[in-house]
Amino acid sequence: MPRITEIRIDKSDHILELVAGGEVVRSYRVAIGPGGPGPKLYEGDRRTPVGTYRVAGRIKGLFHQFLMVSYPNEEDRRRFAELKRRGEVPPGRGIGHSIGIHGVGGGLRAGEHKETDWTLGCIALDDDEIDEIARHTPDGAKIVITD
């Protein structure tokens, strides 16, 4: 597989695509957060964010393997500040953090976890799939998440 330059995630179709040289070279079915469409609003809303991010590092052993998503971005921060100003953020809630693309770490069987949306806002695949993605995707690669 070629070096991946972009990861595209379509929340409504539950599809993650790997892009190299402008072409989709592989796609996977994923589980996301059950919080519904639209951008992540605040910590605990269980929404997968929407926007443009980067692979911001990786943690081996966390949900098998965890590619960190650079959430929140500037647009997320502006949205959160406006929601907070309007009193639409529950007391004590922050903007959220630690969003990632990850495996399941053995607790759930391959494929079965994709039947429902169960994450706190992350994007989940099977362990062998996240291994393949991590092998071919460098830190700094673009991540685009859409509804």
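Owing to the predicted nature of the structure, the values given are computational and were not obtained by experimental measurement. (Residues numbered from 1 in each chain as written. Predicted model: local features only at pLDDT ≥ 70, side-chain atom pairs only at ≥ 80, totals over all residues. Heavy atoms only, no water.)

J.: Before we go on, may I ask you to explain the overall build of the chain in this structure?
T.: In terms of helices and strands, the chain carries two helices and eight strands. The order of α-helices and β-strands along the chain, N terminus first, is β-β-β-β-β-α-β-β-α-β. A globule of 147 residues ought to have a C-alpha radius of gyration of about 15 Å, and the chain, at 15 Å, matches this closely. A principal-axis box enclosing the C-alpha atoms of the chain has dimensions of 45 × 35 × 25 Å. Scored against the burial criterion, the 147 residues of the chain give a buried share of 46%. Accessible surface, the chain as shown: approximately 7400 Å² in total, 50% of it carbon and sulfur. (Helix = DSSP H or I, 4+ residues; strand = E, 2+ residues; numbered from the N terminus. Rg over C-alpha atoms; globule rule 2.2 N^0.38 Å. Buried < 20%, exposed > 50% of the residue type's maximum accessible area, 1.4 Å probe, protein only. Areas by Shrake-Rupley, 256 points an atom, 1.4 Å probe, with all protein chains shown as cover.)

J.: Whenever I open this one, a nonpolar patch on the surface confuses me. Can you help?
T.: Residues I59, L62 and F63 make up a contiguous nonpolar surface patch of roughly 220 Å² in combined accessible area. Along the polypeptide, I59 turns up in strand β4 (residues 51-61). (Patch = residues over 30% accessible without salt bridge, like charges linked within 9 Å, V, L, I, M, F, W, Y side chains within 5 Å. Salt bridge = Lys/Arg side-chain N within 4 Å of Asp/Glu carboxyl O.)

J.: How should I be thinking about the pattern of salt bridges in this particular structure?
T.: Close approach of charged atoms lets side chains of opposite charge pair. Tallied over the entire structure, the rule returns 13 salt bridges. R79 is the partner of E75 in a salt bridge, and the nearest nitrogen-oxygen pair spans 3.4 Å. Note that E75 and R79 are positioned in helix α1 (residues 74-85) at a spacing of four residues, about one turn of the helix. For the salt bridge of R79 with D76, the shortest nitrogen-to-oxygen distance reads 3.0 Å. With R79 and D76 both in helix α1, this residue pair falls three residues apart, about one helical turn. Like D76, R79 is buried. Overlapping salt bridges bring together E82, R85, R86 and E88 as one network.

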